[in-house]
Amino acid sequence: MIKRLLFILLVAGAFSCTQKSAQTTDAPAVDSAKAADKTPFPDFGFMVANYHGPVFKLSQNYPEAVPTEPLPDFFKIDFKKDWHKYLEAVRTYCFEGNTGVDFKVEYNKVRGWYHMPWQHYGPKGREGFHGLTQEAPVKAFQLAPTQTIDTAGAIAVGFYNDVSAYTIGQVWKDHYSPDSLHSVAFKNGSVLFKLLFVTLPKSVAVQQAPFLVNGVWWDAFCAPNFKKPNNRFKTQVALIQMDIMVRDDRAPNGWIFGNFQYNGALNKTNKWENLAPLGISWGDDPNITTNASNPKPTVTIINHALVETVINPDTKELPPTHLGWNSRLNGPVDNPMSSCYSCHSTAEYPENSPLSPLFFPTQAERDKYPPGSPAWMRWFANLKCGQPFDKDSKSMDFSLQLSASIQYFNEWKATQAGLYASAYKPALEKPMLKPEVIMTTDTTHKRHTEYRAIIPAN
Ligand code: HEC
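Residues numbered from 1 in each chain as written. Predicted model: local features only at pLDDT ≥ 70, side-chain atom pairs only at ≥ 80, totals over all residues. Heavy atoms only, no water.

(A) Representation of the overall build of the protein within the structure. Assigned secondary structure in the protein consists of nine helices and 13 strands. A buried classification covers 58% of the 458 residues belonging to the protein. For the protein, the share of sequence-separated contacts (at least 6 apart) that also reach a separation of at least 24 residues comes to 70%. Counting every atom, the protein has about 19,400 Å² of accessible surface; 57% of that belongs to carbon and sulfur. (Helix = DSSP H or I, 4+ residues; strand = E, 2+ residues; numbered from the N terminus. Buried < 20%, exposed > 50% of the residue type's maximum accessible area, 1.4 Å probe, protein only. Contact = heavy atoms within 4.5 Å. Areas by Shrake-Rupley, 256 points an atom, 1.4 Å probe, with all protein chains shown as cover.)

Here is the structure:
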């Protein structure tokens, strides 16, 4: 009896993140006295001049009630044991109705998919062909021993199913006043995925990274040279990776991460299915502290000591890849010293810590976090869903686009304050926002470090 009670308490405790979401607390939402502003969010920030073809549409009619349809069937698959089957089932769910319409989700007849607002903002913001944002650099030899080009980058677009879009809509109820005062908690059943492309020139892409053969190529208005992020033009980019995140109450910490790598040698009729399951992870193995990484892979190094990650060992299905820190899960265009779980556990507002200790702006700061040290291991600590990384921040529940959306908005609001006040709200009753922008000198890992905390001035 006591045992059972303990079990129930434990289970309830593990998922308290579903209880204290932004929408269920008593405290008034920001600007609750005013009618919520529903001016549509911009679709994208960058596009070729005088273009008259079809453009990216931000899917932003977020559900106003928690969707009640039954969970997809993969919520019954044992994701630890039957990880391959599980990943294929999630992939099917993400593809249904989407691959036929090139992921223009407004034409999907099977189910609703949504995008995160405010990714149009800033120099890396969304482009207008497919809604892609500029992401991380791809270093020489990161993809394959033949990859000599050192200037390529990753660009990507993320999608949210209806359950997760409900939470986005709650945070962004007022389009001019997102709720950043409460920790966020995505509901069980949330499915997020992201398609990632690489900016290698089409003429040499297959020589550089042979698994890009039979590729899926998209138009993009982006900077192919990661080192010159403002030099955008219309180019083509190759599908290389797909990421998934599933909020599943069965997972020990609430979230499951999965990754697929493109392998054109599989030569599937539907090219999108050349995205082969690379691995799955439901935790960051906080007790494994050995410093190891494989930034220029010739083989995939699988670390069998990890108990919260499974990597696909099939060398026919996948080419050699680098994975993450000490072989935790990461995709080909991710940082080999990090992991999905690690980076995403820092999703919070204000963003008081970088995605990785390697991204602190100065060498002096970085030196305080030797890989594997207790200070470093804070980034591999198995935070649970809904738990903020820093105690003075609110959790954005592992969604880095959600934390970015609020940061970008507040950055814009701070710089546009006069225009904002006169154009949209006749009287500004709330205290203005005071930007505290910490500029970084690190140009390769600028991801989020350039716009740090923007804290309301009281
Ligand atoms: C170096 C840090 C880093 C690593 C490692 C990383 N991500 Fe992310 N991820 C980000 C950032 C930053 C964003 C938000 C901006 C964007 O979309 O690129 C993001 C966005 C996403 C999104 C869109 C949903 C959202 O709001 O966060 C998904 C899904 C995702 N990542 C999954 C993964 C998976 C799966 C892995 C591992 C295979 C992974 N990520 C590894 C930093 C990282």
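(B) Region of interest: the coordination of the iron atom of the ligand. A lone protein donor binds the iron atom of the ligand: His344 (NE2), at 2.1 Å. Along the polypeptide, His344 turns up in helix α5 (residues 340-344). (Donors = N, O, S within 2.8 Å, 3.2 Å for Na, K, Ca; no water.)

(C) View of the pairing of strand β6 (residues 233-247). By the criterion of burial, β6 is predominantly enclosed, with twelve of the 15 residues buried. Bridge analysis of strand β4 (residues 191-198) against β6 gives eight bridges, and the strand direction is antiparallel. Of the residues in β6, the one forming a bridge with Leu192 is Met245. (Pairing = 2+ DSSP bridges.)

(D) Representation of the site of the ligand. Taken together, 25 residues lie around the ligand, and Glu135, Cys340, Cys343, His344 and Ser399 are the ones closest in. The side chain of Ser399 places a nitrogen or oxygen atom 2.6 Å from an oxygen atom of the ligand. At 2.9 Å from an oxygen atom of the ligand is found a main-chain nitrogen or oxygen belonging to Leu400. Of all the elements in the fold, those that place two or more residues in the shell around the ligand are β4, β6, β7 (255-262), α5 and α8 (400-415). (Near = heavy atom within 4 Å. Polar contact = N/O pair within 3.5 Å; in protein donor to acceptor, adjacent residues only side chain to side chain.)

(E) Fine view of the environment of Tyr349. In this fold, Tyr349 is placed in strand β10 (residues 348-349). According to the relative accessible area criterion, Tyr349 is buried, its value standing at 3%. Expressed as a C-alpha distance, the spacing of Tyr349 and Asp390, which sit 41 residues apart in the sequence, is 9.2 Å. Polar contacts involving the side chain of Tyr349 include one to the side chain of Asn410, which spans 2.8 Å.

(F) Structural detail: helix α2 (residues 83-95). Under the 1.5 Å per step criterion, the end-to-end length of α2 is 18 Å for 13 residues, consistent within 8% with the ideal 18 Å. Just downstream of α2 lies Gly97, where phi reads positive at about 75°. (Expected span 1.5 Å × (residues − 1).)

(G) Region of interest: the environment of Val237. By secondary structure assignment, the location of Val237 is in strand β6. Given the relative accessible area of 0%, Val237 is considered buried. As a C-alpha pair, Val237 and Trp218 span 19 residues in sequence and 5.4 Å in three-dimensional space.

(H) Up close: the pattern of salt bridges. Counted by the stated rule, this structure contains ten salt bridges. The salt bridge partner of Asp73 is Lys76, with a shortest N-O separation of 3.7 Å. An identical accessibility class is assigned to Asp73 and Lys76; each is exposed. Between Asp390 and Arg378 there is a salt bridge, and its shortest N-O distance comes to 2.9 Å. Of the two residues, Asp390 is situated in the loop between α7 (374-377) and β11 (394-395) and Arg378 in the loop between α7 and β11; the sequence distance between them amounts to twelve residues. Using a relative accessible area of 14% as the deciding quantity, one classes Asp390 as buried. Assessed through its relative accessible area of 35%, Arg378 is described here as partly exposed. (Salt bridge = Lys/Arg side-chain N within 4 Å of Asp/Glu carboxyl O.)

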